[in-house]
Amino acid sequence: MASVPRLPAAHAPPRTSIPAALPFLCPSSSPRVAPPPATGPRRLVAVAAARAMPWPHVLTVAGSDSGAGAGIQADIKACAALGVYCSSVVTAVTAQNTVGVQGVHAVPEEFVGEQLRSVLSDMSVDVVKTGMLPSAGVVKVLCDSLRKFPVKALVVDPVMVSTSGDTLSGPSTLATYRDELFSMADIVTPNVKEASKLLGDVSLHTISDMRNAAESIYKLGPKHVLVKGGDMPDSPDAIDVFFDGKEFIELHGLRIRTHNTHGTGCTLASCIAAELAKGAKMLQAVQVAKKFVESALYHSKDLVIGNGPQGPFDHLFNLKSPLYKMGSRQKFNPDDLFLYAVTDSGMNKKWGRSIKDAVRAAIEGGATIVQLREKDSETREFLEAAKACVEICKSSGVPLLINDRIDIALACNADGVHVGQSDMPAWEVRELLGPGKIIGVSCKTVAQAEQAWKDGADYIGCGGVFPTTTKANNPTLGFDGLRTVCSASKLPVVAIGGINAGNADSVMELGLPNLKGVAVVSALFDRECVMTETRNLRSILMNACARS
Ligand SMILES: Cc1ncc(COP(=O)(O)OP(=O)(O)O)c(N)n1
Ligand SMILES: Cc1nc(C(=O)O)sc1CCOP(=O)(O)O
Ligand SMILES: [Mg+2]
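Presented here is a report on the structure given in the accompanying data block.

Conventions we followed
Numbering of residues begins from 1 in every chain and follows the order in which that chain's sequence is written. As they are written, the chains are lettered A onward and the ligands numbered 1 onward, keeping that order. Local features in this predicted model are restricted to residues whose pLDDT is 70 or higher, and side-chain atom pairs enter the listing and the counts only when it is 80 or higher, whereas totals over whole chains, interfaces and linings include all residues. Side-chain calculation: all heavy atoms of the structure are included, whereas hydrogens and water are not. A pair of Phe, Tyr and Trp rings is counted when the ring centres sit within 6.5 Å of each other, with Trp represented by its six-membered ring. The angle between the planes then sorts it: under 30 degrees is stacked, over 60 is edge-to-face, the rest tilted. Think of it in three bands: residues with accessible area under 20% of the maximum for their type are buried, residues over 50% are exposed, and the middle band is partly exposed, with areas taken using a 1.4 Å probe on protein chains only. For the purposes of this entry, the term helix denotes a DSSP run of H or I that reaches at least four residues, the term strand denotes a run of E that reaches at least two, and both are numbered from the N terminus. Being paired, for any two strands, means DSSP has found at least two bridges between them. What makes two residues a contact is simply this: any of their non-hydrogen atoms within 4.5 Å. Lines fitted to the C-alpha atoms define the axes, with helices restricted to the stretch that makes contact. Angles between their N-to-C directions range from 0 to 180 degrees. Multiplying 1.5 Å by the residue count of a helix minus one yields the expected span of that helix. By convention in this text, a residue qualifies as near a molecule or strand provided that one of its non-hydrogen atoms is within 4 Å of it. Here a polar contact is taken to be a pair of N or O atoms separated by no more than 3.5 Å, where protein atoms must pair a possible hydrogen donor with a possible acceptor and residues adjacent in sequence count only if both atoms sit in side chains. All accessible areas in this document rest on Shrake-Rupley with a 1.4 Å probe, and a residue is counted as covered only by the protein chains that are shown. Put simply, Ala, Val, Leu, Ile, Met, Phe, Trp, Tyr, Cys and Pro go in the nonpolar bin, Asp, Glu, Lys and Arg in the charged bin, and everything else, Gly too, in the polar bin. Only four residue types enter the tally: Lys and Arg on the positive side, Asp and Glu on the negative side, with His and both chain ends excluded. Salt bridges, as used here, are contacts in which a Lys or Arg side-chain nitrogen is within 4 Å of a carboxyl oxygen on Asp or Glu. For Na, K and Ca the donor cut-off is 3.2 Å; for every other metal, N, O and S atoms count as donors within 2.8 Å. Water does not enter the count, which can leave sites looking incomplete. The term nonpolar core refers to a set of buried residues drawn from Ala, Val, Leu, Ile, Met, Phe, Trp, Tyr and Cys, joined through side-chain atoms within 4.5 Å.

## Considering the packing of aromatic side chains
Move 1: This model, assessed by the stated rule, comprises eight aromatic pairs.
Move 2: For the pair Y177 and F182, a centre-to-centre distance of 5.8 Å together with 45° between the ring planes defines the contact as tilted. F182 matches Y177 in its accessibility class, with the two residues each being buried.
Move 3: Taken together, a centroid distance of 6.0 Å and an interplanar angle of 35° make the contact between F332 and Y459 tilted. In this pair, F332 sits in the loop between α10 (322–325) and β10 (339–342) while Y459 sits in strand β15 (residues 459–463), placing the two residues 127 residues apart along the sequence.
Move 4: Residue classification places F332 among the buried positions, given a relative accessible area of 4%.

Here's what the structure looks like:
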């Protein structure tokens, strides 16, 4: 049976559902010491409740930002947006706005310790994330608390200087970071300025410098390092370097043109912590976090809050999206890949129909997604047809993608594009289209599938499953090749190449992981009646899924 649709991690619901109605919390006189653990029946009830609905939990240990763009406030919003509970230990209170930091009031070390004890002794914290740690003493208190109350993961964002240039922790703190905290960290996430400071003011200008810095910081003890290149003056896009001790991975991101970037570092680290709390692997958590920040910046680029040079952004942008209001937060439903109709101008001409008529017929027959693959059309003619197809698809709720031509996709406002290995790389496509569009990539190998995922694609097309005459010199992978790619893919897969009414069932009955459907060209469009062929193929696919 076709595997159950898996939501992309960025949109996945929390590990457990949040209770529909939360009990009202009564304000109480705050105890000076952590309450004793529940005992007897009270403890049993508490334990049973925790089993019934554990809620992924991040504890942020950071400073308060009165402007609420960064610090504790950003951390809580980021975790909330990703469906994770966030408790908070305040290390400092800052007077801050969009202009800069006007004042810092450090919380006494003993009281930081007391807050840590209160939360860690009572609540089941999955992941601790650190932000501003204003003194060496606070870092030591934190390390002691973590030794006493171990958690699943520790995310260290080594906040030292605010983006406005104000110092948030001094040199002695740096030394304690290096000597005590890093060896306990699962990931450390410095930007280039922080990486430089941690390494004694080395200069970092290139990706190669960032790799060296990641390796040097790794040697200080954390399990992973992410050096963030968003501030690199020479880079045309935002490239971060991830290092796990073995492999360097360059993560490309959109460079969104906006002044509203205050709190991106805190948010990224909190999102990593939130994803880890939900059970994600480290690289996956970093990818989701990057996408979240990218989307938040994109949706907030024109907000105006404050008069200073660097404004906050909207962590809860998803609440405003029409899809969210309709009850779905997805721009792309992998199940749409079920019956993927790919047009061919030559075939449609041969049968005397326009692209528009062909698309309408395929949708009437039950196609669940459409790609315009018009290799021989003139640009102007293609654009006109694409605009008409956008309207047809929109009114039927069927996504429309454009093959190869990013310009056409932009001009007709299609739902996305499909690119192959010799077309524009997916990460560059993502830069051009933004986070809200669907991107598919043709992949014949596990390495290509991995790259597509890293580049921010939404799905992959894998083929040729069978020999085809529609695409010249296309290697045939067979079932074994399809199985290898599907098993390794982190993205949903659609099978393509030589698939028709006679063999589509055998593809779906393989029951491969991540395989969501089949993409077909000639089986629909090199036939007299597109609607009949589509309807027939759809019923074959549905029967195959019901059988297996
Ligand atoms: C769904 C789907 N999968 C694969 C392809 C092939 O794309 P590409 O390798 O870029 O080859 P062309 O289609 O451009 O010839 C596809 N179009 N759709
Ligand atoms: C466009 C395309 N891409 C392929 C791949 O293997 O990536 S095979 C292919 C052609 C599919 O046409 P038909 O359904 O007529 O065989
Ligand atoms: Mg192509």
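## So, the sheet that holds strand β3 (residues 101–106)
Move 1: Strand order in the open sheet formed by nine strands is β3-β2-β1-β4-β5-β6-β7-β8-β9, with mixed pairing between adjacent strands. At either margin of the open sheet sits one strand with a lone partner, and together these are β3 and β9 (248–253).
Move 2: Note that strand β1 (residues 57–65) and strand β2 (residues 85–96) share nine bridges and pair parallel. Note that in β2 the partner of V61 across the bridge is V89.
Move 3: Each of β6 (187–188), β7 (224–227), β8 (238–243) and β9 is contacted by helix α9 (residues 282–300), which is oriented at about 20° to β9, the strand it contacts most.

## Quick word on helix α8 (residues 264–278)
Move 1: The end-to-end C-alpha distance of α8 is 21 Å, a good match for the 21 Å that 15 residues give at a rise of 1.5 Å each.
Move 2: Among the 15 residues that make up α8, 13 are buried, leaving the element largely enclosed by the rest of the structure.
Move 3: Looking one or two residues past α8, G279 carries a phi angle of roughly 110°, positive in sign.

## What about the site of ligand 2?
Move 1: Lining the immediate environment of ligand 2, one finds 14 residues, of which T468, T470, N474, G498 and S522 sit closest.
Move 2: The separation between an oxygen atom of ligand 2 and a polar side-chain atom of N474 is 2.8 Å.
Move 3: The separation between an oxygen atom of ligand 2 and a polar side-chain atom of S522 is 2.5 Å.
Move 4: Contact with the protein chains covers 95% of the free accessible surface of ligand 2, which is 430 Å².
Move 5: Among the residues making up the shell around ligand 2, the classes are represented as three nonpolar, eight polar and three charged.

## Regarding the side chain of E194
Move 1: Tracing the sequence through the fold places E194 in helix α6 (residues 192–198).
Move 2: For the buried E194, which has no salt bridge, the nearest side chain bearing the opposite charge is K228, at an N-O separation of 4.8 Å.

## Focus: the coordination of the magnesium ion (ligand 3)
In a perfect tetrahedron of four donors around a metal, the angles come out at 109.5 degrees. In a perfect octahedron of six, they are 90 or 180 degrees.
Move 1: Protein coordination at the magnesium ion (ligand 3): the donors are D404 (OD) and D423 (OD), at 2.0 to 2.1 Å from the metal. Note that D404 is positioned in the loop between β12 (400–403) and α14 (406–412) and D423 in the loop between β13 (416–419) and α15 (426–433), a separation of 19 residues in sequence.

## Looking at the sheet that holds β10
Move 1: Overall, parallel pairing links the eight strands, which are arranged β10-β11-β12-β13-β14-β15-β16-β17 in a closed barrel. The sheet shows a mean angle of 25° between the axes of neighbouring strands, taken without regard to direction.
Move 2: Relative to strand β17 (residues 515–520), β10 runs parallel, the two sharing three bridges. Counted as the bridge partner of A341 is V520 from β17.
Move 3: The strands touched by α15 within the sheet are β13 and β14 (438–442), with β14 carrying the most contacts at an inclination of about 165°.

## Observations regarding the site of ligand 1
Move 1: Looking at ligand 1, there are 15 residues lining it, with Q371, R373, K375, D423 and S442 nearest.
Move 2: Between ligand 1 and K375 there is a distance of 2.6 Å, counted from an oxygen atom to a side-chain nitrogen or oxygen.
Move 3: Residue S442 places a side-chain N or O atom 2.7 Å away from an oxygen atom belonging to ligand 1.
Move 4: For the shell around ligand 1, the secondary structure elements donating two or more residues are β13 and β16 (493–496).
Move 5: Its residues assigned to classes, the shell around ligand 1 comprises four nonpolar, six polar and five charged.

## As for the pairing of β3
Move 1: Where β2 and β3 come together, five bridges link them in antiparallel fashion. Note that in β3 the partner of A92 across the bridge is A106.
Move 2: Connecting β2 to the antiparallel partner β3 that follows it, the hairpin turn spans four residues.

## Overview of the nonpolar core
Move 1: Of all hydrophobic cores here, the largest spans 115 residues; its most connected members are I272, L372 and I402.
Move 2: A total of nine residues in this core trace back to one element, the largest contributor, which is α9.
Move 3: For I402, the contacting residues outside a window of four places in its chain are Q371, L372, F382, A386, I408, A409, C412, A414, G416, V417 and H418.
Move 4: Core analysis: the next-biggest nonpolar cluster, separate from the first, contains 37 residues, V61, L133, A213 and V227 among them.

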